[in-house]
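Structural description and commentary
Listed here are the chains, written in short residue letters.
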Amino acid sequence: MCGIVGYIGWQEASPLLLKGLKRLEYRGYDSAGLALLDGSKLVVIKQKGSVSNLEQETLALRATMQGATAGIGHTRWATHGDPSDRNAHPHMNAAGDIAIIHNGIIENYSLLKRELLAEGYLFLSDTDSEVLVHLIDRIWKREPAMDMESATRSALRHVDGAYGLCVISSREPDKIVVARMGSPLVIGIGEGEFFIASDAAPIVEHTKKVVYLADGELAVVRRDGYTVTSIENVRQEKVVTELDFSLEKIEKDGFEHFMLKEIFQQPAVMHDVMRGRVRLDEGRVRLGGIEDYLDQLKQAKRIVICACGTSWHAALIGEYLIEEFARIPVEVDYASEFRYRNPIVGAEDVVIVISQSGETADTLAALRTAKEKGALVMGICNVVGSTIARETLCGMYTHAGPEIGVASTKAFTAQVIMLYMLALALSKGRTISHDEIALLLKELSEIPEKAAQILELDGQIKFIAEQFKDAKNVLYLGRGYNFPVALEGALKLKEISYIHAEGYPAAEMKHGPIALIDEDMPVIFIATRDSTYTKILSNIEEVRSRKGRVIAIASEGDKEIGRLAEHVIYIPQASGPITPLLTVIPLQLLAYHIATLRGCNVDRPRNLAKSVTVE
Ligand code: AGP
C-alpha cells in the first residue's frame, strides 16, 4: 500500500517529508516523490526507486526551495501502471499549479480518464490516481472563484473507489487539502505546524496529538489550524487523540510481528484479490490481465506450473483446481528442476509461473526456458512491475499488498484464490455449468468471513503451540486438496521455528514415515469433512495405535474426531476445493506461536531471504 506524508508550518518541508517517507518504507514501495510549495512556486520531484535516491535528487533542489515550508510526499506500491518515474506520485495538472498524492484504487478511473481525454486533457502516467488532479483542474477552470477544498470536494463526487488524498496548489499556497475514503489519514497537531500521514509512524516523533480522519471526511490544514467537514461540507468536530505507542508498534499495526499482522490481514486481502474480478451478479470471473489470451489458455494441450517454496505449494493446489474444473492436464514443477532438465515444452503448452516477489531467480529462469521453447507464459505475482511480471506474456497480480514477513502467508492464500478464479475462467462453458460456477463463486465470496472466524481461534492455537514447542520432529498429513496444505504447514513450521517437519499425503504414511511414529512425534492431520474423510480417520487410528500425538484440523460439527485426537481445531465447513484457504490458517498460527515461544526471529528467520534472487 502507498505511503502519504504532508507538512505545513514554519520549518523547511523537504527534510521532514523525506524522513516521514522513510518511516513509511516498511509498507513496501517501488517509487517515491515530493511536491514542495514556496509561495507561488510549486515544484515536484519524483522517481522510481528508494526514498534515499529521492533524497539525493532533492538535495540539488533544496538550494532553491529552502523557503518551502509546505509540501506533500508519497511512496508508491504500484497497482495500476508499472513502477516508473512517470507513474510515481505526485501528479500535476498541465498548468503545473496543482499537485496531488493518492493512496487507494479509483474503480471508475477508466471512464473518468476517457471523459477527460475527450476534453483534451493529456495524461502523463498510466495510473488511476492522475485522473484526480485533472478533475480538480477541470472544476477550477469552470469556477475559478471556487476555493481548493470546494474544487476537491466537487471532484471527489465523481469518484468511486478508495482514496487517501492530499492536494496542494500554488493558487492557494497556505493550505493542504486532505480527504479520506477507505485509505487512512492522520493529522498531527504541532506548535504552528501540522503533519499529515497515512499512519502515525512519521508523526509520532514530532507530536503525540493526532486527529484521525474518518471515511467521507475532508480537512483543510493551514499553519494556524485545521477544519474538518464531510464530503457534503457538513462541519465535523474531531477528537484529538494522544498517541501512546511506539514507532515499532505502528508499523506492525499493533501486532508483535509483521508475520502475525499479515496472517490477520488475510480476510481483507481475500476481498482485495477478488475485488472487481468475482462478478457474483453475472456468475462469472473477469481476469483483466489474461482476458486477451483466455481462448489460447483454454486451448492448452497441457499447463505446466513452475514455482518455488510456498508458491510451489499453491501451484499444487492449482493443479487440482484446474484439472477438476477445466479438465486441462496440469503438471507442477519446481522451477529449479524445470530450468535444468530440458523439459519437453512447446507452443501447445501454457506455462504459468507463480511468485510473490516476482524476482525469484529459479522461477525467472524457468520462465525464460519456457519462452525459449515456445510456450505461452503467464504469471501470477504480487509485486507489480517485478521482473517475472514484466517478462511474462500475460498475467495477474494478487494485490495482497507488501508481504514483509519472510514466511509467506497472505500471499499464499491470495495465490490460491487467483488459481481458483483462473480454473473457473478456464472452465467457462465447457466442463461445468454456468449455475455451478455461480455457486462456487458464491462460496468463494464467503471465505473471508470464514477466515476471520478461524483467526478468533488464535488463543486455542497458542495453547496447543505451548504443548508442542519442544518437539524435535513433526509430521503433517493431508489428502487431496489438503495434501499441499500439509506441505505448506510443514514449511511454515520448519522455516521459522527450526523444528524439523515433513508434509505427506496421508496415505503415504504407511509407505515409510509410519516408522517414525512414537510418543514423541506430534502428527498434524488436516481432517476436514470431504471425500477422503473416512480414510483420514483410519490414518489417525494408525498413528494413535503407535502412540503418536494427534492434532487435527476438522470441520465444525464433526462428532467423530474428538475421540481420536488430543487437540482439535474446528473450522467452518467448506467444499473440498475451497478448504485450503481455511485449513492453512491454523497451521500458519501454530507455526507462528511455536516459533515465538522458542524465541525465534519470526520475521527474519536465520539463513532465509524474503526473495531468493540467487540460484
Ligand atoms: C515461503 O514462506 C518462503 N519464504 C519461500 O519458500 C518462498 O515461498 C519462495 O522463496 C518463493 O518465493 P516467491 O513466491 O517470491 O517466488
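Everything that follows concerns the structure shown earlier in this document.
Residues numbered from 1 in each chain as written. Predicted model: local features only at pLDDT ≥ 70, side-chain atom pairs only at ≥ 80, totals over all residues. Heavy atoms only, no water.

1. Quick notes on the pairing of strand E11 (residues 209-212)
For the record, the criterion: When DSSP locates at least two bridges between a pair of strands, those strands are taken to pair. We count a stretch as a helix when DSSP gives it H or I for four or more residues in a row; a strand needs E for two or more, and each element gets its number in order from the N terminus.
Strand direction decides the pairing type here: strand E9 (residues 186-189) and E11, joined by three bridges, are antiparallel. Of the residues in E11, the one forming a bridge with Gly 188 is Val 210. As paired elements, E11 and strand E14 (residues 241-242) share two bridges and run antiparallel to each other. In the strand pairing of E14, Lys 209 is matched with Glu 242.

2. Comments concerning the state of the cysteines
This is how it is decided: Working definition: a disulfide is two cysteine sulfur atoms within 2.5 Å of each other.
Counting across every chain of the model gives zero disulfides. Between Cys 308, a free cysteine, and Cys 306, which holds the nearest cysteine sulfur, the sulfur-to-sulfur gap is 8.8 Å. Distance from the sulfur of Cys 394, which forms no disulfide, to the nearest cysteine sulfur (Cys 381) is 11 Å.

3. Focus: the packing of aromatic side chains
What counts here: Within 6.5 Å between ring centres, the rings of Phe, Tyr and Trp (the latter by its six-membered ring) count as paired, and their orientation is classed by plane angle as stacked under 30 degrees, edge-to-face over 60, tilted in between. Either the NZ atom of lysine or the CZ atom of arginine qualifies as a charge over a ring when it sits within 6 Å of the ring centre and within 35 degrees of the ring normal.
Here the structure, examined in full by the defined rule, presents six aromatic pairs. Where Phe 194 meets Tyr 226, the ring centres are 5.9 Å apart and the plane angle is 65 degrees; that geometry is what we call edge-to-face. On the criterion of sequence distance, the pair formed by Phe 194 in strand E10 (residues 194-197) and Tyr 226 in strand E13 (residues 225-230) is long-range, its members being 32 residues apart. Cation over ring: Arg 606 sits above Tyr 498, and NZ or CZ is 3.8 Å from the ring centre.

4. Regarding the pairing of E10
In plain terms, the rule: Only protein chains enter the area calculation, which uses a 1.4 Å probe; residues under 20% of their type maximum are buried, those over 50% are exposed, and those in between are partly exposed.
Burial along E10 is two-sided: the face carrying Phe 194 and Ile 196 and the face carrying Phe 195 and Ala 197 are both buried. Taken together, the four bridges between strand E1 (residues 3-8) and E10 define a ladder with antiparallel strand orientation. Its bridge partner lying in E10, Tyr 7 is registered against Phe 195. In this structure, E9 lies alongside E10, joined through four bridges in antiparallel fashion. Paired with Val 186 across the bridge in E10 is Ala 197. The turn linking E9 back onto E10 is made up of four residues, and Gly 192 within it adopts a positive phi angle of 70 degrees.

5. Some remarks on helix H18 (residues 483-497)
Note the cut-off: Helix span, expected: 1.5 Å multiplied by one less than the number of residues in the helix.
The end-to-end C-alpha separation of H18 is 21 Å, in line with the 21 Å expected for 15 residues at 1.5 Å each. Counting buried positions along H18 yields 14 of 15 residues, so the element is predominantly enclosed. Where H18 ends, the next residue or the one after it, Tyr 498, has phi of about 65 degrees, a positive value.

6. Brief notes about the site of the ligand
Put simply, the test is: Residues are counted as near a molecule or strand when any one of their heavy atoms sits within 4 Å of it. Under the rule applied, a polar contact is a pair of N or O atoms within 3.5 Å (in protein, one hydrogen donor and one hydrogen acceptor; residues adjacent in sequence only if both atoms are side-chain atoms). The protein chains shown are the only cover counted for residues, whose accessible areas, like all others here, come from Shrake-Rupley with a 1.4 Å probe. In this classification, the charged set is Asp, Glu, Lys and Arg, the nonpolar set is Ala, Val, Leu, Ile, Met, Phe, Trp, Tyr, Cys and Pro, and all remaining amino acids, among them Gly, are polar.
As a matter of local geometry, the ligand sits amid 15 residues, with Ser 311, Ser 355, Ser 357, Thr 360 and Glu 495 nearest to it. Backbone polar atom of Gln 356 to an oxygen atom of the ligand: 2.8 Å apart, as the coordinates give it. Side-chain polar atom of Lys 492 to an oxygen atom of the ligand: 3.0 Å apart, as the coordinates give it. In isolation the ligand exposes 410 Å². Once the protein is present, 91% of that is buried. Only helix H10 (309-325) and H18 provide two or more residues apiece to the shell around the ligand. Its residues assigned to classes, the shell around the ligand comprises five nonpolar, eight polar and two charged.

7. Overview of the side chain of Asp 199
The cut-off we apply is this: Any pair of residues with heavy atoms lying within 4.5 Å of one another is described as a contacting pair.
If you trace the backbone, Asp 199 turns up in the loop between E10 and E11. Note on Asp 199: relative accessible area 11%, which makes it buried. Once residues within four sequence positions are removed from consideration, Asp 199 is found in contact with Leu 24, Tyr 26, Arg 27, Val 186 and Ile 250.

8. Notes on empty space enclosed by the protein
This is how the line gets drawn: Put plainly, a pocket is an open set of points on a 1 Å grid over the protein atoms alone with protein on both sides within 12 Å along at least five of seven lines, a cavity is a set where a 1.4 Å probe fits but cannot get out, and a lining residue has an atom within 4 Å of a point. Grid points are joined across faces, edges and corners, and a volume is the space filled by probe spheres set on the points.
Evaluated as defined, the whole model comprises three cavities of 30 Å³ or more. Of the volumes computed, that of the largest cavity is approximately 70 Å³. If you trace the largest cavity, you find it lined by Val 5, Gly 6, Tyr 7, Leu 16, Leu 17, Gly 20, Phe 195, Ile 196, Ala 197, Pro 202, Ile 203 and His 206. Those elements that provide at least two residues to the lining of the largest cavity are E1, helix H1 (13-23) and E10. For the lining of the largest cavity, the class distribution of residues is nine nonpolar, three polar and no charged.

9. A short note on the environment of Thr 79
Relative to the helices and strands, Thr 79 is located in the loop between strand E4 (70-76) and strand E5 (91-92). A relative accessible area of 25% places Thr 79 in the partly exposed class. Each C-alpha atom, one on Thr 79 and one on Asp 128, is 8.7 Å from the other, the two residues being 49 residues apart in sequence. Contact partners of Thr 79, with chain neighbours within four places excluded, come to Ile 105, Val 384 and His 399.

10. With respect to the pattern of salt bridges
Going by this rule: For this document, the term salt bridge refers to a Lys or Arg side-chain nitrogen within 4 Å of an Asp or Glu carboxyl oxygen.
Summed over the entire model, instances satisfying the criterion amount to 37 salt bridges. Note that Lys 238 and Glu 217 form a salt bridge whose closest N and O atoms lie 2.7 Å from each other. Of this pair, Lys 238 sits in the loop between E13 and E14 while Glu 217 sits in strand E12 (residues 217-222), and the two are 21 residues apart along the sequence. Accessibility expressed as a relative area gives 7% for Glu 217, which makes it buried. Across the pair Arg 339 and Asp 362 runs a salt bridge, and its minimum N-O distance is 2.8 Å. Linking Arg 339 in the loop between helix H11 (335-338) and strand E19 (349-355) with Asp 362 in helix H12 (residues 361-372), this pair joins segments that are 23 residues apart in sequence. Shared partners join several salt bridges into a network, and the residues in it are Lys 301, Arg 302, Glu 331, Asp 333, Arg 341 and Asp 349.

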